[in-house]
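Per-entry structural report
Listed below are the residues making up each chain.
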Amino acid sequence: AQTVTQSQPEMSVQEAETVTLSCTYDTSESDYYLFWYKQPPSRQMILVIRQEAYKQQNATENRFSVNFQKAAKSFSLKISDSQLGDAAMYFCAYRSAWVIGANSKLTFGKGITLSVRP
Amino acid sequence: GAGVSQTPSNKVTEKGKYVELRCDPISGHTALYWYRQSLGQGPEFLIYFQGTGAADDSGLPNDRFFAVRPEGSVSTLKIQRTERGDSAVYLCASGGGADTQYFGPGTRLTVL
């Protein structure tokens with residue numbers, strides 16, 4: 001079974017600064033997807049970024065980028081130019097790629113609470 | 001609709017009662033998932049539908065929980081004889097592509 005570990009329960013960043021959120025995972029599969037989701041107090045889980053394991057290049061979405069280290073099974077999220085609206089819980093999630101013709105469940109970490117100081 | 005919707009937003013019930021939680025997925029999405037999120041934890045998988053059938057119900061904790069999706073669109077999660085330990089946020093997600101799930105705002109269930 002796959003596991004996702006987020007060992008930092010909380011982090012804080014100054015507005016306009018950069019912060020990195022850590023995530024490690026364990027799997028015996030060679031092909032899979034990794035995700036970062038944001039969950040504000042409204043509870044809505046919002047997809048931030050996704051990475052396909054077979055791609056060497058790190059994914060980037062505007063101010064959000066990942067550092068994907070497949071051999072180390074590490075998948076960290078970097079938020080640049082932090083904004084007050086970035087304050088939320090962030091979840092790292094894993095999904096197997098080996099599902100024929102159907103989607104597959106997500107396995108989540110425990111999450112990290114990010115606060116942004118004005 | 002523009003996104004996944006869930007009703008009710010909040011549900012308070014008494015121990016032993018029956019509850020139904022509803023999920024309305026994004027139009028055209030064939031895959032639908034239910035997750036449960038306890039306080040301070042990440043969401044945990046409950047059940048996955050592909051069309052009308054439950055393709056994977058391995059996450060349902062016991063036989064008090066079951067879900068249906070009779071017409072391949074709206075889904076209802078049903079919990080019988082609720083217990084205090086069932087208190088959590090129940091999240092629904094739908095997916096139409098290969099790998100991305102879109103979540104609803106969840107239903108917060110409180111069992112007194």
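The structure we're discussing is the one just above.
The structure reproduced in this document is the subject of the present report.

1. Looking at the overall build of chain B
Along chain B, the regular secondary structure elements total 0 helices and 11 strands. Overall, chain B shows an N-to-C arrangement of helices and strands of β-β-β-β-β-β-β-β-β-β-β. For chain B, the spread of C-alpha atoms along the three principal axes comes to 40 × 25 × 20 Å. Among the 112 residues that make up chain B, the fraction classed as buried is 46%.

2. Comments concerning the sheet that holds strand 7 (residues 65–68) of chain B
Residue and element names in this part refer to chain B. The strand order 1-3-8-7 describes an open sheet built from 4 strands, whose pairing is antiparallel. In this open sheet, the two strands that pair with only one neighbour each are strand 1 (5–7) and strand 7. Direction aside, the axes of adjacent strands within the sheet are offset by 20 degrees on average. Summarising the sheet, strand 7 and strand 8 (residues 75–79) pair through 4 bridges and their orientation is antiparallel. Pairing of Phe-66 across the sheet is with Lys-78, part of strand 8.

3. Here we look at the side chain of A:Gln6
All names here are of chain A. For Gln-6, the location among the structural elements is in the loop between strand 1 (3–5) and strand 2 (10–14). We classify Gln-6 as buried; its relative accessible area is 8%. Within the structure, Gln-6 has its side chain in polar contact with the backbone nitrogen of Cys-92 (distance 3.0 Å). A polar contact of 3.1 Å, which involves the side chain of Gln-6, links it to the backbone nitrogen of Gly-111. Setting aside residues no more than four positions away along its own chain, Gln-6 makes contact with Ser-22, Cys-23, Trp-36, Tyr-90, Phe-91, Cys-92, Gly-109, Lys-110, Gly-111 and Ile-112.

4. Observations concerning the packing of aromatic side chains
For the structure shown, the criterion picks out 16 aromatic pairs over all chains. Look at A:Tyr37 and A:Phe108: their rings are 6.0 Å apart centre to centre, the planes differ by 55 degrees, and that puts the pair in the tilted class. Of this pair, A:Tyr37 sits in strand 5 (residues 32–39) while A:Phe108 is found in strand 11 (residues 107–108), placing the two residues 71 residues apart along the sequence. Here A:Tyr37 and A:Phe108 have matching classes, each one buried. Pairing B:Tyr33 with B:Tyr35 gives two aromatic rings, centres 6.2 Å apart and planes at 25 degrees, and the pair type is stacked. The same class applies to B:Tyr33 as to B:Tyr35, namely buried. Three or more aromatic residues link up through ring pairs in this structure, and these residues are A:Tyr33, A:Phe35, A:Tyr37, A:Phe91, A:Phe108, B:Tyr33, B:Tyr35, B:Phe45, B:Tyr48 and B:Phe103.

5. Regarding the pairing of strand 7 of chain B
Where burial is concerned, the two faces of strand 7 of chain B differ: the one with B:Phe65 and B:Ala67 is buried and the one with B:Phe66 and B:Val68 is not. Connecting the antiparallel pair strand 7 of chain B and strand 8 of chain B is a turn made up of 6 residues, with B:Gly72 showing a positive phi of about 75 degrees.

6. Section: unusual backbone geometry
In this model, B:Thr7 is joined to B:Pro8 through a cis peptide bond whose omega is -10 degrees. You can see B:Pro8 is positioned in the loop between strand 1 and strand 2 (10–13). Backbone geometry places A:Arg43, a non-glycine residue, at a positive phi of 80 degrees. Within the secondary structure, A:Arg43 sits in the loop between strand 5 and strand 6 (46–52). Taking relative accessible area as the criterion, A:Arg43 reaches 11% and is therefore assigned buried. Backbone geometry places B:Arg81, a non-glycine residue, at a positive phi of 45 degrees.

7. Looking at the environment of A:Lys78
Residues and elements named next belong to chain A. Here Lys-78 is to be found in strand 9 (residues 74–79). In this structure, the C-alpha to C-alpha distance between Lys-78 and Leu-21, residues 57 residues apart in sequence, is 6.4 Å. The contacts of Lys-78, once residues within four sequence positions are left out, are Thr-18, Val-19, Thr-20, Arg-63, Phe-64 and Ser-65.

Rules used throughout
Residues numbered from 1 in each chain as written. Chains lettered and ligands numbered in written order. Predicted model: local features only at pLDDT ≥ 70, side-chain atom pairs only at ≥ 80, totals over all residues. Heavy atoms only, no water. Helix = DSSP H or I, 4+ residues; strand = E, 2+ residues; numbered from the N terminus. Buried < 20%, exposed > 50% of the residue type's maximum accessible area, 1.4 Å probe, protein only. Pairing = 2+ DSSP bridges. Axes fitted to C-alpha atoms, helices over the stretch in contact; angles between N-to-C directions. Polar contact = N/O pair within 3.5 Å; in protein donor to acceptor, adjacent residues only side chain to side chain. Contact = heavy atoms within 4.5 Å. Phe/Tyr/Trp six-rings, centres within 6.5 Å; stacked < 30°, edge-to-face > 60°.

Purely geometric numbers; function is a separate question.
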